Amino acid sequence: MKIVLLKDLKGKGKKGDIIEVNNGYANNFLIPNGYALAGTNTNLNEAKQAQASNAYKAEQERLSAVALGERLKDIKVVCKIKCGENGKTFGSVTNKEIAEELSNAGYNVDKKKIEISTIKQIGLYTATVRLHPTVVIKLNVEVIPQ
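Let me sum up the structure you'll find in this document. (Residues numbered from 1 in each chain as written. Predicted model: local features only at pLDDT ≥ 70, side-chain atom pairs only at ≥ 80, totals over all residues. Heavy atoms only, no water.)

## Section: the layout of surface pockets
- Empty space within the largest pocket amounts to approximately 170 Å³.
- In this structure, the largest pocket is lined by Val4, Leu5, Leu6, Lys15, Gly16, Leu37, Asn43, Glu46, Ala47, Ala50, Gln51 and Asn54.
- The set of elements that each furnish at least two residues to the lining of the largest pocket consists of β1 (2–5) and α2 (41–72).
- No other element matches α2, which puts six residues into the lining of the largest pocket.
- A breakdown of the residues in the lining of the largest pocket according to their chemical character gives six nonpolar, four polar and two charged. (1 Å grid on protein atoms, 1.4 Å probe; cavity = no way out; pocket = protein on both sides within 12 Å on 5 of 7 lines; lining within 4 Å. Points joined across faces, edges and corners; volume = space filled by probe spheres on them. Helix = DSSP H or I, 4+ residues; strand = E, 2+ residues; numbered from the N terminus. Nonpolar A, V, L, I, M, F, W, Y, C, P; charged D, E, K, R; others polar.)

Printed below as a string of structure tokens:
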């Protein structure tokens with residue numbers, strides 16, 4: 001019997017998948033407990049349309065991440081920070097500050113997507129920006145005294 005899963009089911013499939021199971025398993029457990037819908041033509045068509053819609057949205061997100069990555073590839077972010085002697089900073093430059101500098105330049109990047117090691121001195125650094133699971137870019141960060 002074909003069914004449409006309403007919840008993730010370990011070993012069977014994820015929410016929205018159309019799978020084939022035994023009639024007894026579907027009628028006695030999955031459907032009554034709200035794990036699945038019966039595989040009627042209407043339910044199957046709705047599930048296929050939802051899968052197509054989700055695939056389209058995921059592809060659009062990936063394409064927008066690729067476009068943003070192309071624009072960010074050549075950008076150098078300049079962070080100003082208070083410094084003492086020998087170029088030693090008071091505090092450190094964080095991903096939040098880098099995200100703020102990017103938003104000031106007109107690029108909307110979430111601070112959670114920026115990965116950088118601790119910056120406690122003046123100089124040039126490289127940050128990794130994960131815009132999408134398949135789109136990862138390197139961003140140049142220059143720390144200068146204020």
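From this point on, the discussion continues.
## Description of the packing of aromatic side chains
- Following the criterion strictly, the structure yields two aromatic pairs and no others.
- The interplanar angle of 25° and the centroid separation of 5.5 Å between the aromatic rings of Phe29 and Tyr35 together place this pair among those described as stacked.
- Taking relative accessible area as the criterion, Phe29 reaches 34% and is therefore assigned partly exposed.
- When its relative accessible area of 25% is taken as the criterion, Tyr35 is described as partly exposed.
- Ring pairing ties together the aromatic residues Tyr25, Phe29 and Tyr35, which thus form one cluster.
- Cation over ring: Lys7 sits above Tyr35, and NZ or CZ is 5.1 Å from the ring centre. (Phe/Tyr/Trp six-rings, centres within 6.5 Å; stacked < 30°, edge-to-face > 60°. Buried < 20%, exposed > 50% of the residue type's maximum accessible area, 1.4 Å probe, protein only. Lys NZ or Arg CZ within 6 Å of the ring centre and 35° of its normal.)

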